[in-house]
Amino acid sequence: MSGIALSAVAKSHGATPVLRGISLDIRDGEFLTLVGPSGCGKSTLLRIIAGLDAQDSGAVVIGGRVVDGLRPKDRDVAMVFQAYALYPHMSVFDNMALPLRMRRLSGAQRLPLVGALSPGRRPIEEGIRHEVEETAALLDIGHLLSRKPGQLSGGQRQRVALGRAMVRHPAVFLMDEPLSNLDAKLRVQMRAEITALHRRLGSTFVFVTHDQAEAMTMSDRVAVMMAGELIQVGAPDELYADPRDMRVAEFIGSPKINVVPAAALDQGTRAAMAAVPGASALAFRPEAADICAPAAGVLAGSITGVENLGADIFLHVAARPAHSQGALPLIVRVAPSGRRFAVGDVVGVNPDPARVLQFDAGGRRLKARERVAA
Amino acid sequence: MTAVAPGRQHRLSHASLVAGLAVAPAVVLLALLLFGPALAVAVFSLTDWQIGASSFRFLGLANYQALFADRIFWTSLVNTVIYVVIVVPGTVGLGLVVALLIEAQPSLRGFYRAAHFLPVMSTMAAMAIVWGTMLHPTIGLVNRMLAEFGIPATNWLRDPRTVLPALAVIGIWQGFGFAMVLFVAGLKSVPQSLYDAAAIDGADRALDRLRVVTLPMLGPVTMFVLILTATRAFEVFDTVRVLTQGGPNFASDVLLYRLYTESFDFLRTGYGAALTVVYLVIVVLLTLTQARVLDRRVHYT
Amino acid sequence: MRDLVRNIRVLRWRVLARHGALALTTLFALIPFVWMLSLSVKPPEEIFQPEFHLWPQKFNGLENYSVALTAAPMHLFLINGLFVCATIFLLQLLVCVPCAYALAKLRFRGRDTLFAAVLVGLLVPPQALAIPHFVLLHVFGLLDTYAALILPWIISTFGIFLMRQFFRAVPDELIDAARLDGLGEFEIIWRVMIPVAVPAIAAFGIFSVVAHWNDLFWPLIAIRSEELSTPALGILLFRDDEAGQFLGPLMAGATIIVAPLVVAFLFAQQRFIDGISFTART
Ligand SMILES: Nc1ncnc2c1ncn2[C@@H]1O[C@H](COP(=O)(O)OP(=O)(O)OP(=O)(O)O)[C@@H](O)[C@H]1O
Ligand SMILES: [Mg+2]
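On a predicted model such as this, the values are computed, not experimentally measured, just so you know.

Some remarks on the packing of aromatic side chains
Geometrically, a pair of aromatic rings is defined through the distance of the ring centres and the angle of the planes.
(1) Moving on: Using the criterion set out here, one finds 27 aromatic pairs over all chains in the structure.
(2) Moving on: An angle of 65° between the planes, with centres 5.1 Å apart, marks the rings of F73(B) and W74(B) as edge-to-face.
(3) Moving on: Geometrically, the ring pair formed by F237(B) and Y257(B) is tilted, given 6.1 Å between the ring centres and 35° between the ring planes. Note that F237(B) is positioned in the loop between α9 (206-234) and α10 (238-244) and Y257(B) in helix α11 (residues 255-265), a separation of 20 residues in sequence.
(4) Moving on: Given the relative accessible area of 3%, F237(B) is considered buried.
(5) Moving on: Residue classification places Y257(B) among the buried residues on the basis of a relative accessible area of 6%.
(6) Moving on: Chaining the aromatic ring pairs together yields one cluster made of F237(B), Y257(B), Y260(B), F264(B), F134(C) and F217(C).
(7) Moving on: Its end group placed over the ring of Y271(B), R268(B) keeps NZ or CZ at 4.0 Å from the ring centre.
(8) Moving on: Between R164(C) and the ring centre of F115(C), over which it is positioned, the NZ or CZ distance is 3.7 Å.

Written out as structure tokens, the structure reads:
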């Protein structure tokens, strides 16, 4: 039982609030990702869970136990850092053995110099060696144990950092952008490895990233944070299909969702997109629209770019709605079907009215229910 | 928002306990061995106290009045300034030239660097004795060599006209290797691209490169070496104590030597303390200038 | 073709000029050492004879060095130097490192004030504190003891400053990782900060040892007994002694005093030069 429950956790640095009352239940064994733009407070929240920082108010419960006031090492959490934070002067083995030594050796046995001689240390060290080697084998770094971190590649360091966290079997893994220092290819590979690891260990993972693709591909649930607040928590497909807020809709999904200001459209177009009164922005995903002849399109414009990914083709269209000052950039996905598109072609764009998301002036989603009411 | 998390107080106090423990020895020792004594000097300077005496009287500024009325004090101050004025340009100039020469080509770099740095490492008291024999009027190396060119012997350390320059040469000898090392570090940090740019702009001769790129880029380091050397020169003591004891006739008396004799030979504690305060003020002013310059240096680079 | 020849000639001239000039300055730097060594192996009559030979006609080195070693407790000077410098440095570390760590990485009330105090302390030349230090040691009856040589130096604002600057460059993440691994703050200092800061500690060590091995001012004030003298004071006492009136043994004594640091330097030149310029530039 090691879920995490945050209730109304708040924190400010001086006068500036960094977290404004975060409440969140993370289930035991869940892979939860915190996403949000830079500076929104993700790291701060993670550090509060870890016990590295103290919240100003609110409570943190880990595994049914209130951990406020407990020091990091007493919380049964491990953390993987962005820059790995490996001890540069210790071998990989010692890096991984340290958390076990700190827990299993008594204060006297850990003393500098004399500690090595103290009785009873040998069997404990044997046990530690065994466990470190086991974990290293699991991560495929067994052959690196005698090296120093300086002699490892980025991916290898990342694995060692994971190993150091894993070796003591914590109930909770906290990871603060652990993949952001890797190159693109390695990052994709490590994504898969971390999810596999999560499946095998079955512990609770809290994973911080500002890369929505990571969030979407890895997690059971995603929590979107903006400016110190949780905006929406849900499964990746839920966030994608049913965002509760314009910022979520814009943050999740690649390429980005198309946003059309209602004011730029004439009456007929608005009706064609099923706009409701009070809607200030209409948004649709690239795959929620068709390309058609210019005259038949709800929106029309010329193609400014063609992105052919093989299975999908993304057309960049500069639409010119009736009341718009300049061009409105749109992205539409088309299936490769023999029809060739060229930059400069004029096309029509027909959004599927059932899949148009509508937001009010404050960015709040206007749901179907409200539409009916209106 | 108002409810404080239950553990927070506890955590904070643990953290400040640790910090307190970590800084406690330093804080106590700073008070006991640095700030307390600094304050004590100021207090002593206002009294007629002597080390070992059981009582004292407050004299106000009398010690300072006596100090400023003392011809020997002024002599030692002037001597110190003369010494600094010779040593600083000598050390910095020689250090710069040697650094440029060493870095100009790679051959024997390591040897030259080590050789010039050797005086920096050596015990000045011992080397001063060696210099004393080199400057000896009859058997000394210097006069023997000058005799080869028919120049008559000089008693360098007993002649009031030559004693300060002679001490200054020893000061330069000890310090220029240090300046050299700092300049070499400065030269290494001049990016090659600047030389390339200068070469493309037509400044491809050695002297042009020096004038257009090297010297301007060394400006901040030069300021730094200059002031460091000046501070050290101000603290000249060992050579004076070993070789001249301020003589002949106070011609080589310097501030720190005065401070030493008044306070610990004549045991005039109050007077020595007043002298110390004056010395302290001068050195602090010099070092503050250094800090200012260093500050600016950070913005340059 | 003619250009090429001219260029080569210019180049060769430049190489020669550089070596020529550097030979002169090298001579200036080294000549006192050569002179010292030369005299230290000469018999008195050769030192005073009109013509000069670098190498003595009659080698008197054994006699000179044995006089130097027996007439004064030269070995004691060296042992004292070693003991005093090592003790000072260790105590400085013991005091400076935790303080520097707290200043660099912990948040506590009064931190900025303490750091400001350290900066102010940097301004104070140690000679200015000689009188009160002397009085303090006098009051506690510690004058003319090892304690007198060591105690005034165990707080080094420079050491605190240097280590603090270095510690600040250590990523916070590393310390957070250590806290999660279960290390207490003092264990972090011992197991993480000190190993990481070895270059800075070495630099400070070189600076500290060179300064105190060579210091004359303070031992002159604090020490009266010959047996407690440090190297710099020792050679002075030796000179003012009877045996020191003879130049051969005096130069032999100077050689013995200067040798340890110089030899250490020659063995680890890069370390020394880096260390000294590192400390100077921080
Ligand atoms: N020690 C501090 N003092 C003042 N403000 C701070 C401090 N630490 C963080 N902040 C502020 O708190 C906010 C949240 O910081 P945090 O590190 O949690 O952001 P983040 O979401 O992790 O961003 P990133 O994606 O860039 O890592 C930021 O606006 C930051 O400027
Ligand atoms: Mg962050």
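Things to note about the interface of chain A and chain C
(1) Moving on: Residue-level contacts link 25 residues of chain A with 16 residues of chain C.
(2) Moving on: In total, chain A and chain C occlude about 1,900 Å² of area from one another, counting both sides; carbon and sulfur atoms represent 61% of this.
(3) Moving on: Taken as a group, Y87(A), H89(A) and M102(A) account for 26% of the area that chain A buries against chain C, more than any other trio of residues on that side.
(4) Moving on: Counting across the chain A and chain C interface gives two salt bridges.
(5) Moving on: Here R47(A) makes a salt bridge to D176(C), at a shortest N to O gap of 2.4 Å.
(6) Moving on: Run the count over chain A and chain C and you get nine residue pairs in polar contact (both at pLDDT 80 or more).

Section: the sheet that holds strand β18 (residues 357-359) of chain A
All names here are of chain A.
(1) Moving on: The sheet built from four strands is open, its strands ordered β11-β12-β18-β19 with antiparallel pairing. The sheet terminates laterally at β11 (258-261) and β19 (365-366), the two strands that pair on one side only.
(2) Moving on: Pairing of β11 with strand β12 (residues 281-284) involves four bridges; the strand directions are antiparallel. The partner of N258 across the bridge, within β12, is F284.

As for the pattern of salt bridges
(1) Moving on: Counted by the stated rule, this structure contains 28 salt bridges over all chains.
(2) Moving on: Its salt-bridge partner being E193(A), residue R159(A) comes within 3.1 Å of it at the nearest N-O pair. Of the two residues, R159(A) is situated in helix α4 (residues 154-166) and E193(A) in helix α5 (residues 184-201); the sequence distance between them amounts to 34 residues.
(3) Moving on: Overlapping salt bridges, with partners in common, bring together R47(A), D53(A), D176(C), R179(C) and E185(C) in one network.

Thoughts on the nonpolar core
(1) Moving on: Ranked by size, the top nonpolar core spans 223 residues in total, and within it L6(A), L174(A), F117(B), F183(B), F167(C), V192(C) and L216(C) carry the most contacts.
(2) Moving on: The element best represented in this core is helix α7 (residues 163-188) of chain B, accounting for 17 residues.
(3) Moving on: Ranked by size, the runner-up nonpolar core spans 34 residues in total, among them A97(A), L100(A), M175(A) and F207(A).

So, the sheet that holds strand β6 (residues 77-80) of chain A
Residue and element names in this part refer to chain A.
(1) Moving on: Overall, mixed pairing links the six strands, which are arranged β6-β7-β8-β3-β9-β10 in an open sheet. Every interior strand has two partners, whereas the edge strands, β6 and β10 (229-234), have only one. Pairwise comparison of adjacent strand axes, ignoring direction, gives a mean angle of 20° for this sheet.
(2) Moving on: In the sheet, strand β9 (residues 221-226) pairs with β10 via five bridges, with the strands oriented antiparallel. When the sheet's bridge partners are listed, M225 is paired in β10 with L230.

So, the interface of chain B and chain C
(1) Moving on: The interface is formed by 92 residues belonging to chain B together with 85 residues belonging to chain C.
(2) Moving on: Taken together, the links from chain B to chain C amount to zero salt bridges.
(3) Moving on: Among the elements that make up the side of chain B that touches chain C, the one with the highest residue count is helix α1 (residues 8-44) of chain B (19 residues).
(4) Moving on: When grouped by side-chain class, the residues that make up the side of chain B that touches chain C number 69 nonpolar, 16 polar and seven charged.

Details of the site of ligand 1
Residue and element names in this part refer to chain A.
(1) Moving on: Around ligand 1 lies a shell formed by H13, V18, S38, G39, C40, G41, K42, S43, T44, E177 and H210.
(2) Moving on: Within the side chain of S38, an N or O atom sits 2.4 Å from an oxygen atom of ligand 1.
(3) Moving on: Between C40 and ligand 1, the recorded distance is 3.2 Å, taken from a backbone N or O atom to an oxygen atom.
(4) Moving on: For ligand 1, the accessible surface in isolation is 630 Å², of which the surrounding protein chains cover 57%.

A few points about the packing of helix α2 (residues 92-104) of chain A against α4(A)
Residue and element names in this part refer to chain A.
(1) Moving on: Put simply, α2 and α4 touch, their axes get as near as 7 Å, and they point 25° apart. With respect to α4, the element α2 is oriented roughly parallel. As for the relative orientation of α2 and α4, their crossing is right-handed in sense. In contact with V92, N95, M96 and P99 of α2, α4 contributes V160, G163 and R164.
(2) Moving on: Taken together, the residues of the contact of α2 with α4 sort by class into four nonpolar, two polar and one charged.

Here we look at the packing of helix α4 (residues 74-105) of chain C against helix α14 (residues 247-267) of chain C
Residue and element names in this part refer to chain C.
(1) Moving on: It is at 10 Å that the axes of α4 and α14 come closest, and there the two elements cross at 20°. Here α4 is positioned roughly parallel relative to α14, judged by the angle of their axes. Like other packed secondary-structure pairs, α4 and α14 cross with a definite hand, here right-handed. On α14, the residues touching M74, F77 and L78 of α4 are G253, I256, I257 and P260.
(2) Moving on: For the contact of α4 with α14, the class distribution of residues is six nonpolar, one polar and no charged.

Calculation notes
- Residue positions are counted from 1 within each chain, in the order its sequence is given.
- For naming, the first written chain is A and the first written ligand is 1, with later ones following in the order written.
- Residues qualify for local features only when their pLDDT is at least 70, as the model is predicted, and side-chain atom pairs are given and counted only at 80 or more; totals for whole chains, interfaces and linings, by contrast, use all residues.
- To obtain the side-chain values, all non-hydrogen atoms of the structure were included, while hydrogens and water were left out.
- Here the aromatic set is Phe, Tyr and Trp, taking the six-membered ring for Trp, and pairing holds for ring centres within 6.5 Å; pairs whose planes are under 30 degrees apart are stacked, those over 60 apart are edge-to-face, and all others are tilted.
- Here a strand is any run of E in DSSP of at least two residues, a helix any run of H or I of at least four, and the numbering for each starts at the N terminus.
- The buried label goes to any residue with under 20% of its type's maximum accessible area, the exposed label to any with over 50%, and the partly exposed label to all in between, with areas taken from a 1.4 Å probe on protein chains only.
- Over a ring means this: the NZ of a Lys or the CZ of an Arg is within 6 Å of the ring centre and within 35 degrees of the ring normal.
- Any two residues whose heavy atoms approach within 4.5 Å are treated as being in contact.
- As used here, buried area is the combined drop in accessible area, with a 1.4 Å probe, of two parts when they are placed together.
- Throughout this description, the term salt bridge denotes a Lys or Arg side-chain nitrogen within 4 Å of a carboxyl oxygen of Asp or Glu.
- In the analysis that follows, any N or O atom pair within 3.5 Å is treated as a polar contact, provided that within protein one partner can donate a hydrogen and the other can accept it, and provided that, for residues neighboring in sequence, both atoms belong to side chains.
- Criterion used throughout: strands pair if DSSP finds at least two bridges between them.
- Throughout, nonpolar core names a set of buried Ala, Val, Leu, Ile, Met, Phe, Trp, Tyr and Cys residues whose side chains join them through atoms within 4.5 Å.
- All axes here are fitted lines through C-alpha atoms, helices being fitted over the stretch that makes contact, and every angle between N-to-C directions spans 0 to 180 degrees.
- Note on residue categories: nonpolar means Ala, Val, Leu, Ile, Met, Phe, Trp, Tyr, Cys or Pro, charged means Asp, Glu, Lys or Arg, and polar means any other residue, Gly included.
- Residue proximity to a molecule or strand is established when one non-hydrogen atom of the residue lies within 4 Å of it.
- Only the protein chains shown count as cover for residues, and the accessible areas themselves come from Shrake-Rupley with a 1.4 Å probe.
- Note on terminology: angles under 35 degrees are roughly parallel, angles over 145 are roughly antiparallel, angles of 65 to 115 are roughly perpendicular, and the others are oblique.
- Take the far helix as your reference; a near helix turned counterclockwise from it by less than a right angle gives a left-handed crossing, and one turned clockwise gives a right-handed crossing.

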